Amino acid sequence: MRVVSVYIEHPIMQLNSPFHYLLKGEDYLARGMRVKVDFNGRLLVGFVDEVEEVEDLDAYCRNLDYQLKEIQEIIDDEPLLNDELYQLGLWMSRQSVSPVISCFQAMLPAALKPSSSHKPAARERWVIIDDAELKTQFGFSEATLKQFLQKCTSHFYAKYRRQGLIHTEDREKQAQSGQLEIGEAPYQLTEKQKQALYDIEQSEQNVVLLHGLTGSGKTEIYMQLAEKALRQGRQVLILVPEISLTSLMISRFKKRFGDNIAVYHSGLNPSEKYQQYQLVRSHKAQLVVGTRSAVFMPFADLGLIVLDEEHDNSYKQDSTPRYHTRDIAIKRAEHHHCKVILGSATPTLESYARAIKNVYKLITLDERIFNKLPISHLVDMNQQVRQGNFIISQPLTEAIGQRLEAGKQVILLLNRRGYTPIMKCASCGEVLTCPHCDVTLSYHKDENKLICHCCGYSQSADVICPKCGAKRWRNYGIGTQRLVEEVERLYPKARVVRMDADTTAQKDAHRRILEAFQNHEYDILVGTQMIAKGLDFPDVTLVGVFNADGPLNRMDYRSVETTFDLIVQASGRSGRSEEAGEVYVQAYDITHYGIRLAVKQNYIAFFNNEMQYRHSGYYPPYSYMIALMFSGKDEKLLEDAAYETVEVFRKDEKIRTLGPSKLLKKKDECRYRILMKGSDKQYLIDQLWKWYDQQNYLRHQVAIQVDVDPYILD
Ligand code: ADP
Ligand code: ZN
């Protein structure tokens, strides 16, 4: 008789310890396989942890205060997670203070998640030839039906079947995979690239921070390292922050390594994802380009991991388990004894600080391959507004005009979608807010709607003021729709395209807009932060950044860093080929060091300034931080829970607490947050677990979310 411990996925309760079940019979069952079990009268899917042979079941049961139930069904034939990944899940749970089962969930493609008990749908029909003569005639003993029917007509197919010479089977569909073709670089590496490559290979540290300007040849270095690993028969993982950037990276890698590279990102449907997953698992895929979740693919022998644009926020998952892709990549590289390359023009302060302390190997590329950095101008918008230029400043207006005349292209970045972010009643000053969130409604002129950017709630924009009944509204601020309108007013002949969450909702819209811009179907690309990164358009010689200091107003210790990153990244889109580029950065707070140094593209000076600020506030990287969020509908209950909790941690001398602070309501949920800081991360985590394990009773009305190393505090 066997006793099996099982991690259970419960729809409401966050259960973190395994439960025990009984397994009769001789069926194969091992760690990492899924089973169905009865839990309080519900049939739930669980993940097997330990399988233990028990000699004397009665004696075993006597020690329990509950009755052992039998496992209802075994779902898988073999473990879904190998030993490395299973251990990784346990480690991730520990480090991110989240339930083990949530980590397994995050690691598996949707088709295999513990909660779904079905095998993925994509199957295909195979023809198996049973007759020896026929085998010789066809030259194979089995093939997909499709392949088979290329060799003979459906008439003969039916006849062979009737005669029992062949039979068919439905099998899981496999993505096609073939050999990579390893090509050579079409040019000589520069001296700087050669040196960087040499230093990376010689480095004793396995984690390398490649700090290189935009356009300094980082991607070429990734490809050289990939080539070496592939030639040794090892697998390679290239991570990029967003789907919109995968297509660029994929096409570059395809040019060098052929069409047989595997891709993995959220744009794939569950069955496509599953197929890619299986290819990696069977070692048929050697090179994978993907986004965040690709870091969990079942590699057999990894020779290299690259994390491009290391600073990007999307590497941090913003729901439980709140892991950071970099931490997972580093952990996996330890297991596989391979290198991790973190590449960025604006590394996170944490990573750069580690590199300076020699925890990571620091490699710097401080020259662009083709050109100098673009010439950047900081525009004081206070002055411009006094002159009547509310949206586009005078110097930028002129610069755009010049580019249009010369047939060049322009990118304009404004990190806010919609027409205007605020509508105010013209007679009483009332501002319209979302009924579900403490957020003002944005006016979207295209749809004539008021939309909440937090929850998606929308209503018609033809409203009367709920307070005074007036019907006139004033618009404040600018969004991308209004910017496009202004550009079209100033340059009636220009062809303008907008790229933001509203215009890219459809599958493939990203790629279509970018390709059209690349083909010169448009002169001006207006967009939100999604156009700031990675794009490489040789004819863009002018970039305008609007409301550059806007994000500084966020009450977040990282807001200066994100502001700096966005300006530097956006500037990097200008002047990428022979012709020099120009950048105009429009801001109100033009004395702020984050803005000034971003315009100068001076990362090191920014790093030193910002580190002083972090030091004085005891913020990361000088401390480790954990955010604890309470949310729910019952505000009194939340408040009590938050205040009770903060008392527990306040008694601890090694922990500094901030809050509880009441946050803005979101989606009808009230929220309270406590921040904890300390210099010993493991200690913080241990204390949090101690507390967390006692909280089961709370979890019905108060949802608790833990965020270790929080990225965005809003
Ligand atoms: P990054 O990844 O740092 O932005 P890239 O690797 O994209 O830089 O290089 C910028 C451009 O320079 C690309 O178009 C690339 O093809 C080209 N390039 C890179 N290395 C060389 C080289 N050694 N010689 C010529 N062109 C190069
Ligand atoms: Zn809302």
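Residues numbered from 1 in each chain as written. Chains lettered and ligands numbered in written order. Predicted model: local features only at pLDDT ≥ 70, side-chain atom pairs only at ≥ 80, totals over all residues. Heavy atoms only, no water.

(A) Structural context of the site of ligand 1. Every one of the 17 residues lining ligand 1 counts as a neighbour, but Gln188, Gln193, Gly215, Thr219 and Arg252 are closest to it. In the environment of ligand 1, an oxygen atom lies 3.2 Å from a nitrogen or oxygen atom belonging to the side chain of Tyr187. A distance of 2.8 Å is found between a nitrogen atom of ligand 1 and a side-chain nitrogen or oxygen belonging to Gln193. More than half of the atoms belonging to ligand 1 lie within 2 Å of the grid points that define the second largest pocket. The element best represented in the shell around ligand 1 is helix α8 (residues 218-231), accounting for three residues. Its residues assigned to classes, the shell around ligand 1 shows five nonpolar, eight polar and four charged. (Near = heavy atom within 4 Å. Polar contact = N/O pair within 3.5 Å; in protein donor to acceptor, adjacent residues only side chain to side chain. 1 Å grid on protein atoms, 1.4 Å probe; cavity = no way out; pocket = protein on both sides within 12 Å on 5 of 7 lines; lining within 4 Å. Sits in = over half its atoms within 2 Å of the grid points. Helix = DSSP H or I, 4+ residues; strand = E, 2+ residues; numbered from the N terminus. Nonpolar A, V, L, I, M, F, W, Y, C, P; charged D, E, K, R; others polar.)

(B) View of helix α20 (residues 635-650). Given a rise of 1.5 Å per residue, 16 residues ought to cover 22 Å, and the 22 Å separating the end C-alpha atoms of α20 matches this to within 8%. For α20, the set of buried residues is Leu638, Ala641, Ala642, Thr645, Val646 and Phe649. Down the axis of α20, the smallest arc covering the buried residues is 125°, so these residues share one side. Looking at the buried residues of α20, the elements they touch are β28 (624-632), β29 (656-666), β30 (669-678) and α21 (681-692). Taking the backbone nitrogen of Lys636 as reference, a side-chain oxygen 3.2 Å away marks Asp634 as the first, capping residue of α20. (Expected span 1.5 Å × (residues − 1). Buried < 20%, exposed > 50% of the residue type's maximum accessible area, 1.4 Å probe, protein only. Arc of directions from axis to C-beta. Contact = heavy atoms within 4.5 Å.)

(C) Local environment of the coordination of the zinc ion (ligand 2). Looking at the metal site, the zinc ion (ligand 2) is ligated by Cys434 (SG), Cys437 (SG), Cys452 (SG) and Cys455 (SG), spaced 2.3 to 2.4 Å from it. Taken together, the four donor atoms surrounding the zinc ion (ligand 2) define angles of 106 to 116° at the centre, an arrangement classified as tetrahedral. (Donors = N, O, S within 2.8 Å, 3.2 Å for Na, K, Ca; no water. Tetrahedral: all angles 85-135°; square planar, octahedral: opposite > 155°, others 65-115°.)

(D) View of the sheet that holds strand β17 (residues 375-380). Strand order across the open sheet formed by six strands is β17-β27-β26-β18-β25-β24, with parallel pairing between neighbours. Each edge of the open sheet carries a strand with a single partner, namely β17 and β24 (496-499). Going from strand to strand, the sheet's axes swing by 15° on average, the running direction of each strand aside. Bridge count between strand β26 (residues 540-545) and strand β27 (residues 582-587): four bridges; the pairing is parallel. From the neighbouring strand, Gly544 faces β27, where its bridge partner is Tyr584. Where helix α15 (residues 480-490) meets the sheet, its contacts fall on β18 (409-413), β24 and β25 (524-527), and the angle it forms with β24 comes to roughly 170°. (Pairing = 2+ DSSP bridges. Axes fitted to C-alpha atoms, helices over the stretch in contact; angles between N-to-C directions.)

(E) Up close: the pattern of salt bridges. The tally for this structure, following the rule as stated, stands at 36 salt bridges. For Asp500, the salt bridge identified is with Arg498, shortest N-O distance 2.8 Å. By relative accessible area, Asp500 is classed as buried at 0%. Linking Glu515 and Arg511 is a salt bridge whose minimum nitrogen-to-oxygen distance equals 3.0 Å. Of this pair, Glu515 and Arg511 are both found in helix α16 (residues 509-518), four residues apart, which corresponds to roughly one turn of the helix. Residue classification places Glu515 among the partly exposed residues on the basis of a relative accessible area of 37%. (Salt bridge = Lys/Arg side-chain N within 4 Å of Asp/Glu carboxyl O.)

(F) Structural detail: unusual backbone geometry. In this chain, Pro620 is followed by Pro621 through a cis amide linkage whose omega measures 5°. Cis geometry is adopted by the peptide bond preceding Pro660, which originates at Gly659 and carries an omega value of 10°. Along the chain, Pro660 falls in strand β29. For His337, which is not a glycine, the phi torsion comes out positive at approximately 50°. Of note, His337 is situated in the loop between α11 (325-336) and β15 (339-344). The exposed category is assigned to His337, whose relative accessible area is 63%. Despite not being glycine, Asn358 shows a phi value in the positive range, around 70°. Following the sequence through the fold, Asn358 ends up in the loop between α12 (349-356) and β16 (361-365). With relative accessibility at 52%, the residue Asn358 sits in the exposed group.

(G) Structural view of the packing of helix α17 (residues 559-571) against helix α19 (residues 603-616). Packing of α17 against α19 brings their axes to within 11 Å, and their N-to-C directions diverge by 170°. Taken together, the axes of α17 and α19 are roughly antiparallel relative to one another. Between α17, through Val560, Glu561 and Phe564, and α19, the contact on the second element is made entirely by Tyr603, Phe606, Glu610 and Arg614. Its residues assigned to classes, the contact of α17 with α19 comprises four nonpolar, no polar and three charged. (Parallel < 35°, antiparallel > 145°, perpendicular 65-115°, else oblique.)

(H) Region of the structure containing the pairing of β18. Across the five residues of β18, five count as buried, placing the element largely inside the fold. Residues Gln409, Ile411 and Leu413 point to one face of β18 and Val410 and Leu412 to the other, with burial holding for every one of them. Two strands pair when backbone bridges link them, and β18 and β26 are joined in this way by five bridges, in the parallel orientation. Bridge assignment links Leu413 to a residue of β26, and that residue is Val545.

(I) Quick look at the layout of surface pockets. Here the second largest pocket defines a volume of roughly 1400 Å³. If you trace the second largest pocket, you find 46 residues lining it, with Thr219, Arg252, Gly534, Asp536 and Arg576 closest to the centre. Elements that contribute at least two residues to the lining of the second largest pocket include exactly α8, α9 (243-257) and α16. In terms of residue class, the lining of the second largest pocket is built from 14 nonpolar, 18 polar and 14 charged. Among the domains, domain 3 (191-364) and domain 4 (375-418 + 480-614) are the pair contributing at least three residues each to the lining of the second largest pocket. (Points joined across faces, edges and corners; volume = space filled by probe spheres on them. Domains from an automatic or database assignment.)

(J) Expanded view of the environment of Arg596. You can see Arg596 is positioned in helix α18 (residues 593-599). The spacing of Arg596 and Phe564 is 32 residues in sequence and 9.0 Å in space, taken between C-alpha atoms. Residue contacts for Arg596: discarding those within four places in its chain leaves Leu378, Ile590 and Thr591. Here the side chain of Arg596 touches Ile590 through a polar contact of 2.8 Å, landing on its backbone oxygen.

(K) Inspection of the side chain of Thr420 at higher detail. Along the polypeptide, Thr420 turns up in the loop between β18 and β19 (422-425). The buried category is assigned to Thr420, whose relative accessible area is 0%.

(L) Representation of α21 within the structure. Here α21 spans 16 Å end to end across twelve residues, near enough to the 16 Å set by a 1.5 Å rise per residue. Across the twelve residues of α21, nine count as buried, placing the element largely inside the fold. Of the positions making up α21, those classed as buried are Lys681, Tyr683, Leu684, Ile685, Gln687, Leu688, Trp689, Trp691 and Tyr692. Capping the start of α21 is the job of one residue whose side-chain oxygen sits 3.2 Å from the backbone nitrogen of Gln682: Asp680.

(M) Highlighting the nonpolar core. Counting residues in hydrophobic clusters, the biggest one holds 83 residues, and the most contacted among them are Phe47, Leu237, Ile305 and Leu525. Not counting residues up to four positions away in its chain, the partners in contact with Leu525 are Val410, Ile411, Leu412, Val497, Met499, Ile513, Leu514, Phe517, Ile531 and Leu535. In terms of nonpolar packing, the next biggest core, distinct from the first, is built from 29 residues, Leu189, Ile200, Leu225 and Val263 among them. (Core = buried A, V, L, I, M, F, W, Y, C linked by side-chain atoms within 4.5 Å.)

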